[in-house]
Amino acid sequence: MQPIVWIVLLLLFSILSKSSKNSKRFLFGALLTLVIFSNPFLYHEIERAWEVETMNLFSEKDTADVAIVLGGMLKTNMRSGEIEFHESADRILNLLPLYFEGRVRKILISGGSGSLLKEELEADVLSNYLISIGVNSRDILKETKSRNTYENAKYSTELIKKNKNLKTVLLSTSAIHMKRSLLCFNKQGLDVIPFSVDRAESRTIYPDELLLPKASILSDWYQLIHEWVGVLTYKIAGYC
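This is a predicted model, so every value here is computed, not measured. Residue positions are given per chain, counting from 1 as you read along its sequence in written order. Two thresholds apply to this predicted model, a pLDDT of at least 70 for residue-level local features and 80 or more for giving and counting side-chain atom pairs, whereas whole-chain, interface and lining totals are computed over all residues. To get the side-chain values, take all heavy atoms of the structure and skip hydrogens and water.

A.B. asks: Kindly report on the pairing of strand β4 (residues 104–110), identifying the contributing residues and their values.
C.D. replies: Both faces of the sheet carry side chains from a regular strand, because those side chains alternate between them. Exposed residues in this analysis have more than 50% of their type's maximum accessible area, buried residues have under 20%, and partly exposed residues fall in between, with area computed by a 1.4 Å probe over protein chains only. Secondary structure elements are taken from DSSP: a helix is a run of H or I of four residues or more, a strand is a run of E of two residues or more, and numbering for both begins at the N terminus. Counting buried positions along β4 yields 6 of 7 residues, so the element is predominantly enclosed. The criterion for strand pairing is that DSSP finds at least two bridges linking the strands in question. Pairing of strand β1 (residues 64–70) with β4, which is carried by 6 bridges, proceeds in the parallel orientation. Each residue of the ladder has a partner; that of Ala-67, found in β4, is Ile-107.

A.B. asks: Tell me what's going on with the pairing of strand β6 (residues 169–174), and back it up with residues and numbers.
C.D. replies: Counting buried positions along β6 gives 6 out of 6 residues, so the element sits mostly inside the fold. In this structure, β1 lies alongside β6, joined through 4 bridges in parallel fashion. Residue Ile-68 lies in a different strand from β6, and its bridge partner there is Leu-171. Both β6 and strand β7 (residues 193–197) contribute to a ladder of 5 bridges, which runs parallel. Across the sheet, Leu-170 pairs through a bridge with Ile-193, a residue of β7. Crossovers are described as right-handed under a simple rule: with the strands pointing away from the observer, the path leading from the first strand over the helix to the second runs clockwise. Tracing the backbone out of β6, into helix α8 (residues 175–187) and back to the parallel element β7 gives a crossover that is right-handed.

A.B. asks: Give a description of the pattern of salt bridges that names residues and reports values.
C.D. replies: By salt bridge we mean one thing: a side-chain nitrogen of Lys or Arg within 4 Å of a carboxyl oxygen of Asp or Glu. In this structure the tally under the stated criterion is 7 salt bridges. A salt bridge links Arg-48 to Glu-45, with the shortest nitrogen-to-oxygen separation between them at 2.8 Å. With Arg-48 and Glu-45 both in helix α3 (residues 40–50), this residue pair falls 3 residues apart, about one helical turn. Using a relative accessible area of 26% as the deciding quantity, one classes Arg-48 as partly exposed. Of the residues examined, Glu-45 reaches a relative accessible area of 34% and is grouped as partly exposed.

A.B. asks: With reference to specific residues and values, describe the sheet that holds β1.
C.D. replies: Spatially, the 5 strands line up as an open sheet ordered β5-β4-β1-β6-β7, and their pairing is parallel. Taken across any chain shown, the strands that pair with only one partner, and hence form the sheet edges, are β5 (140–143) and β7. Across the sheet, the mean angle separating the axes of adjacent strands is 25° when strand polarity is ignored. Here helix α6 (residues 122–132) sits on the sheet and contacts β4 and β5; the angle it forms with β5, its principal contact strand, is near 165°. Of the strands in this sheet, β1, β4, β5 and β6 touch helix α7 (residues 149–161), which is tilted by about 130° from β5. To obtain each axis, a line is fitted to C-alpha atoms, and for helices this fit is confined to the stretch in contact; angles are then taken between N-to-C directions over 0 to 180 degrees. For this analysis, residues touch if any pair of their heavy atoms sits within 4.5 Å.

A.B. asks: Go over the packing of aromatic side chains, please, and point to the residues and values.
C.D. replies: Planes of paired rings set the category: under 30 degrees apart is stacked, over 60 is edge-to-face and the rest tilted, where pairs are Phe, Tyr or Trp rings (Trp by its six-membered ring) whose centres lie within 6.5 Å. Applying the stated criterion to the full structure yields 10 aromatic pairs. Here Tyr-150 and Tyr-239 contribute two aromatic rings whose centre-to-centre distance is 3.9 Å and whose plane-to-plane angle is 10°, an arrangement assigned as stacked. In this pair, Tyr-150 is assigned in helix α7 and Tyr-239 in the segment after α10 (215–237), connecting sequence segments 89 residues apart. For Tyr-239, a relative accessible area of 30% corresponds to the partly exposed category. Either the NZ atom of lysine or the CZ atom of arginine qualifies as a charge over a ring when it sits within 6 Å of the ring centre and within 35 degrees of the ring normal. The ring of Trp-50 is capped by Lys-179, whose NZ or CZ atom sits 4.4 Å from the centre of that ring. Geometry around Tyr-234 places Arg-180 over its ring, the cationic atom sitting 5.1 Å from the centre.

A.B. asks: A description of the packing of helix α1 (residues 3–16) against helix α2 (residues 20–37) should follow, citing residues and the corresponding values.
C.D. replies: Where α1 contacts α2, the axes come no closer than 7 Å and their chain directions differ by 165°. Taken together, the axis directions place α1 and α2 in an arrangement best described as roughly antiparallel. The handedness of the crossing between α1 and α2 is left-handed. Across the interface between the two elements, Pro-3, Trp-6, Ile-7, Leu-10, Leu-11, Phe-13 and Ser-14 from α1 touch Ser-23, Phe-26, Leu-27, Gly-29, Ala-30, Thr-33, Leu-34 and Phe-37 from α2. In the scheme used here, Gly and all other residues not listed as nonpolar or charged are polar, with Ala, Val, Leu, Ile, Met, Phe, Trp, Tyr, Cys and Pro taken as nonpolar and Asp, Glu, Lys and Arg as charged. Of the residues contributing to the contact of α1 with α2, the split by class is 11 nonpolar, 4 polar and no charged. Roughly parallel means an angle under 35 degrees; roughly antiparallel means over 145; roughly perpendicular covers 65 to 115; every other angle is labelled oblique. In this scheme the crossing of two helices becomes right-handed for a clockwise turn of the near helix relative to the far one and left-handed for an anticlockwise turn of less than a right angle.

A.B. asks: Kindly report on the environment of Met-73, identifying the contributing residues and their values.
C.D. replies: Positionally, Met-73 belongs in the loop between β1 and β2 (74–76). Judged by its relative accessible area of 0%, Met-73 is buried. Spatially, the C-alpha atom of Met-73 lies 5.1 Å from that of Ser-88, the residues being 15 residues apart in sequence. Discounting chain neighbours no more than four positions away, the residues touching Met-73 are Glu-84, Phe-85, His-86, Ser-88, Ala-89, Arg-91, Ile-92, Glu-122 and Leu-126.

Listed below in C-alpha cells is the structure:
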C-alpha cells in the first residue's frame, strides 16, 4: 500500500527487463508515480475530500455525556519506560479542554494491547496519564479488549449501552480515520457525533506545492490508502 514500494518495483522491472522498450516504460511509470504521489497539492486536496469535518456537528454550546477516544496514539519507551505520544495524540489532547470546561462528562478510552510493549493495555496507560494531569478517575471508562477499529466500535458500544445515562456520544479520532470509524459504529447501532482531529491544513496554495515534490507526502499517502483498503476490507467482512 506504499507508493515508495511501487516506485522501487517499477525501477527493478526497468533494470531487469530484457526489452529496452519495456524498460523505458517501467522507468517512465516509476517517474510518473513519483511525481504524482509526492505532489503536496494533489495529496492535500484528496485528503480534504476524504476527511470527515466536525464543524456544525458539535458547536461551542453543545455538551456530551461521554467522549470515545480511539487508541493508537502512544507507546511505552522500552529503555526509559516513559510514554511517547504519536501524531494522533490530538485525539485526546484536543478533547481535554472540553472535559475541563465541563462540556464532556466522561471519557471512554478504547484500546487494547495493540502494539504496546509487554502486553500493556493502551487504555490503562492513557488512563493513568489522564489521572496524573487532573482528570477524575470516576470520569474515565476503559475498554481494553479491542485491537482494531471494528473492535473499538463493538466493545465500546457494548459498554455504553450498559449505561443508560450515556446518551450523547462524541467520537474522537483522526479526521482521515473518521469515515471508517463512523461506519463501524453505525453498524453497531450507536449514533455518535464525530469530533475529528489531525485535519488537513486549509490555507492559501503556494506555487511550490503545485510544482515541487515533497518526500514526506509519499508516507502520508500510505495512511490514506490504508483507510481506503480498510473500508473496502471491512465492508467485505461485514464490519461496516
